[in-house]
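What the coordinates show
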Amino acid sequence: MDFKDQIMQLSDKIVKQKDSIATEEATKTSFIMPMIAALGYDVFNPFEVVPEMDCDLTKRSDKIDYAIMKENVPILLIECKHCKQNLDLHNTQLAKYYAASNARFGVLTNGIEYRFYADLEKQNIMDEEPFLVVNMLDLTDTDIEQLKKFHKSYYNEQEILSTAQELQITIQVKDLLNRNFQNPGDEFVRYFVRCINDWKSNAKLIEQYRPIVKKSIASVINDIIADRLNVAIKNEHITDEQSKDGNVCDTTKPGQTEEEKLPDGIVFQDKEKGIVTTQEEIDAYNIVRSILRQYVDAKRIQYNDYKSYFTINLDGSTWWWICRLYLGKRKKQFCIPKDNYASNKWIEIESIDDIFKYADRLKEGLDLAITSVDKNK
């Protein structure tokens, strides 16, 4: 079993067991120790993994939950919390342990979310912000590739440090963009005001431009999505088109060789971005659309495919999605947004036909999307 399969298998396990984990020790045993093992370390070998290692600067017998060792030197500290605890409340504890060791990396985790820290600003002083955040319930291929860098067989301290700063900045920029896209701040809006008004701005113009900037951003994003969607739909129509004798027609484009045709079951492929849209995903999309068309014009129910999941949304919006699908060979599941998109609930299914059983959940996702669209008009 390769590394990706191990991580995906652990993700499946977490989905099934997280609601039954009652203590921090159970979190360690069920979720965190298997992660350490997946990274190639023997959790029962004290030369590789030291549990409860002393990190004592204040003579209080402070101990880190796990220290990953290399040549008798700690390279990764892991501070563990119960799977239902909010990690925002505990990063100062990890920072204290970090200062007492020579490790360059630290992890704060509740077994579901892993926050990776380094000492990029000042050596031996943990940075305030993590450079990598991995959610085991919402994994991407990029997450798995970054985790793989900490595997015993691939670990290279300098290589990780060289990319850590870029990753840290990327997290901050994405967070900044998300916040400003949803609720443009004064400084963000001021930039557009100044660009359009000979670099002049005032409070009145900022308030006038704020809703316009927000709508413009949404429009640009939707246009980008629509372009990608049109390409996918065209490819789908080519694949689904049948000749008069009932045989699927040739999907080879002019000038395209036989070897370049799409594989069976694939209706669209973007090799550059790693996006593969399958016929099963399109079939699931049509099931969702057939369920919800009694509540809204079916043309408003659209989809967008990403590298790690398939999203069904309202009006092509990336923000106001109805459900997300993950249709792997070993696991099939879909999720519905909750708490005004602050969280979501994944539901495992045996086949896409099981989606019909959750029509009420899909209606909840649709209602939230409609409410959000109306609120942001």
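Rules used in this analysis
- Residues numbered from 1 in each chain as written.
- Predicted model: local features only at pLDDT ≥ 70, side-chain atom pairs only at ≥ 80, totals over all residues.
- Heavy atoms only, no water.
- Helix = DSSP H or I, 4+ residues; strand = E, 2+ residues; numbered from the N terminus.
- Contact = heavy atoms within 4.5 Å.
- Areas by Shrake-Rupley, 256 points an atom, 1.4 Å probe, with all protein chains shown as cover.
- Pairing = 2+ DSSP bridges.
- Axes fitted to C-alpha atoms, helices over the stretch in contact; angles between N-to-C directions.
- Salt bridge = Lys/Arg side-chain N within 4 Å of Asp/Glu carboxyl O.
- Buried < 20%, exposed > 50% of the residue type's maximum accessible area, 1.4 Å probe, protein only.
- Phe/Tyr/Trp six-rings, centres within 6.5 Å; stacked < 30°, edge-to-face > 60°.
- Parallel < 35°, antiparallel > 145°, perpendicular 65-115°, else oblique.
- Left-handed = near helix turned anticlockwise from the far one by under 90°.
- Arc of directions from axis to C-beta.
- Right-handed = clockwise from strand over helix to strand, strands pointing away.
- pLDDT = per-residue confidence, 0-100.

Turning next to the overall build of the chain. A tally of regular secondary structure across the chain gives 9 helices and 13 strands. Within the chain, contacts between residues at least 6 apart in sequence are counted, and of these 49% link residues at least 24 apart. In the structure as shown, the chain presents an accessible area of about 21,000 Å², 49% of it carried by carbon and sulfur atoms.

So, on to the sheet that holds strand β2 (residues 63-70). Note on sheets: strands pair through backbone hydrogen bonds, and any given pair is parallel or antiparallel. Spatial ordering of the open sheet is given by β1-β2-β3-β4-β5-β6, a layout of 6 strands whose pairing is mixed. Pairing within the sheet leaves two strands with one partner each, and these edge strands are β1 (49-54) and β6 (132-135). With strand direction ignored, the average angle separating the axes of adjacent strands in the sheet is 25°. Strands in contact with helix α2 (residues 24-38) are β1, β2, β3 (73-80), β4 (105-109) and β5 (113-118); relative to β2, the strand with the most contacts, it is inclined by about 15°. Together, β2, β3, β4 and β5 form the strand contacts of helix α3 (residues 91-99), whose direction differs from that of β4 by roughly 150°.

What follows is about the pattern of salt bridges. According to the stated counting rule, one finds 23 salt bridges in the structure shown. In this structure, K18 and D19 form a salt bridge, with 3.6 Å as the shortest nitrogen-oxygen distance. Across the pair E157 and R104 runs a salt bridge whose closest N-O atoms are separated by 3.8 Å. Residue E157 is found in helix α5 (residues 157-182), and its partner R104 is found in the loop between α3 and β4; the two are separated by 53 residues along the sequence. For R104, a relative accessible area of 14% puts it in the buried group. Each of the salt bridges in this network shares a partner with another, and the network as a whole consists of E24, E25, K28, E52 and D65.

Right, let's get into the packing of aromatic side chains. Following the criterion strictly, the structure yields 14 aromatic pairs and no others. Seen in terms of ring centroids, F116 and F131 are 6.4 Å apart; in terms of plane orientation they differ by 55°. Their pairing is tilted. Here F116 is found in strand β5, whereas its partner F131 is found in the loop between β5 and β6, with 15 residues between them in sequence. Relative to Y309, the ring of Y306 has its centre 5.3 Å away and its plane inclined at 45°; by these criteria the two rings are tilted. Look at Y306 and you get partly exposed, because its relative accessible area is 29%.

As a further point, take the sheet that holds strand β12 (residues 332-338). Taking strand neighbours across the sheet as the criterion, the 5 strands line up as β9-β10-β11-β12-β13 in an open arrangement whose pairing is antiparallel. Each edge of the open sheet carries a strand with a single partner, namely β9 (301-305) and β13 (343-349). Each neighbouring strand pair of the sheet contributes to a mean axis angle of 25°, computed without reference to strand direction. Relative to strand β10 (residues 310-314), β9 is paired through 5 bridges, and the arrangement is antiparallel. Each bridged residue has a counterpart across the sheet, and for Q302 the counterpart in β10 is N313. Most of the contacts of helix α8 (residues 279-292) go to β9, to which it runs at about 155°, and overall it touches β9, β10, β11 (321-327) and β12. Against the sheet, helix α9 (residues 359-375) touches β10, β11, β12 and β13, its axis set at about 135° to β11.

Two packed helices can be described by the angle between their axes and the distance between those axes. Viewed as axis vectors pointing N to C, helix α1 (residues 3-17) and helix α4 (residues 141-148) meet at an angle of 115°, and their least axial separation amounts to 10 Å. For the element pair α1 / α4, the angle class is roughly perpendicular. For the pair α1 and α4, the crossing hand works out as right-handed. Note on element contacts: α4 touches α1 through D141, I144, L147 and K148, opposite F3, K4, I7 and M8.

Listed as buried for α3 are L94, Y97 and Y98. All buried residues of α3 fall inside an arc of 105° around its axis, so they share one side.

Here we come to the pairing of β3. Of all 8 residues that make up β3, 7 are buried, and the element is covered over most of its length. Strand direction decides the pairing type here: β2 and β3, joined by 5 bridges, are antiparallel. Note that in β3 the partner of Y66 across the bridge is I78. Taking the residues between adjacent antiparallel strands as the criterion, β2 and β3 are bridged by 2 residues, where E71 takes a positive phi near 55°. Read from β3 through α3 to β4, the crossover connection turns out right-handed.

This brings us to the confidence of the model for the chain. In this model, the chain carries a mean pLDDT of 84, and residues with pLDDT of at least 70 account for 88%. In this model residues 236-259 is a low-confidence stretch, pLDDT under 50, and it forms 25 contacts with partners more than four residues away in sequence or in other chains.

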